[in-house]
Amino acid sequence: IASACGANWQHYKDYGTLWGIDIAEASIDYCKARGFTNVVKADAHHLPFSDNSFDIVLALDALEHFSDDRQVLAEIYRVLREGGTLIISSPAHALLWSQHDQAFHHHRRYSRRDLVNKVTAAGLSVTYVTYWSFLLFLPVLFMRRGRDLFSSLRKNKEPATSDFSMKIPPFLMTLLDQLARCEAFFIRRRISLPCGVSIFCVARKEQGASACG
């Protein structure tokens, strides 16, 4: 869901037949230019697939973009096969809301409780949930609060910009990569981290589950 420019497809292409959706024609064109042809233009509120179609659904940095995330989760439930898996990553903690979210047209950031409640209300069983980018939580909080305060003091009327517009020195990128690898060690072992910039959730459509309205 939300294939964007297809950067992640390279990682998944050997695991089975992939299908993707996106609402933007430009994103679909990027995917197809990379050789990923099973991408269709669609709104995740109304997935263009039959019931019980997929073993796995990926919603990576996607749910926060939809006005009605409950409807999207209901659609994901519908297209998952019994025993199928949903994998979610999304921005975490309303405390971190900033112009970064505005620039990306986010509707919300999730707490653990909020995401778990919505996923279970859709009929799915959460098997694992954790925050991640735990080690970056305080630096990101201070950076975003500082940027927003600075813009407010300057009465800046320029469009909101995301963190991704910042130029990061190579040595810092290397450090960030090492921090991510450190957290991945715990996540692979299903250890939940207490807070973080993002949230990661794995859920399952149980065998014999009935459709949710």
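Here we summarise the structure given alongside this text.

Basis of the calculations
- Residues numbered from 1 in each chain as written.
- Predicted model: local features only at pLDDT ≥ 70, side-chain atom pairs only at ≥ 80, totals over all residues.
- Heavy atoms only, no water.
- Salt bridge = Lys/Arg side-chain N within 4 Å of Asp/Glu carboxyl O.
- Helix = DSSP H or I, 4+ residues; strand = E, 2+ residues; numbered from the N terminus.
- Contact = heavy atoms within 4.5 Å.
- 1 Å grid on protein atoms, 1.4 Å probe; cavity = no way out; pocket = protein on both sides within 12 Å on 5 of 7 lines; lining within 4 Å.
- Points joined across faces, edges and corners; volume = space filled by probe spheres on them.

### Side note on the pattern of salt bridges
So, point 1. Under the defined criterion, the tally for this structure stands at 11 salt bridges.
So, point 2. The shortest N-O distance in the salt bridge between Lys-41 and Glu-25 comes to 3.6 Å. Highlighted residues: Lys-41 in strand 2 (residues 39-41) and Glu-25 in helix 2 (residues 25-33), separated in sequence by 16 residues.
So, point 3. Measuring nitrogen to oxygen at the nearest pair gives 2.9 Å for the salt bridge that ties Arg-78 to Glu-75. Within this pair, Arg-78 and its partner Glu-75 are both found in helix 3 (residues 69-79), separated by 3 residues, close to a single helical turn.

### Observations regarding the environment of Leu-193
So, point 1. By secondary structure assignment, the location of Leu-193 is in the loop between helix 7 (170-188) and strand 6 (198-204).
So, point 2. Sequence spacing of Leu-193 and Val-119 is 74 residues, and the spatial spacing of their C-alpha atoms is 19 Å.
So, point 3. In contact with Leu-193, other than residues within four places in its own chain, are Arg-112, Thr-130, Tyr-131, Trp-132, Phe-134, Glu-183 and Phe-186.

### A look at the layout of surface pockets
So, point 1. In this model, the second largest pocket occupies a volume close to 1,100 Å³.
So, point 2. Residue lining of the second largest pocket: 39 residues in total, with Ile-1, Ser-3, Trp-19, Gly-20 and Leu-58 positioned closest to the centre.
So, point 3. Of all elements in the fold, only helix 1 (9-12), strand 1 (20-22), strand 3 (54-60) and strand 4 (80-91) reach the threshold of two or more residues within the lining of the second largest pocket.
So, point 4. A total of 6 residues in the lining of the second largest pocket trace back to one element, the largest contributor, which is strand 3.

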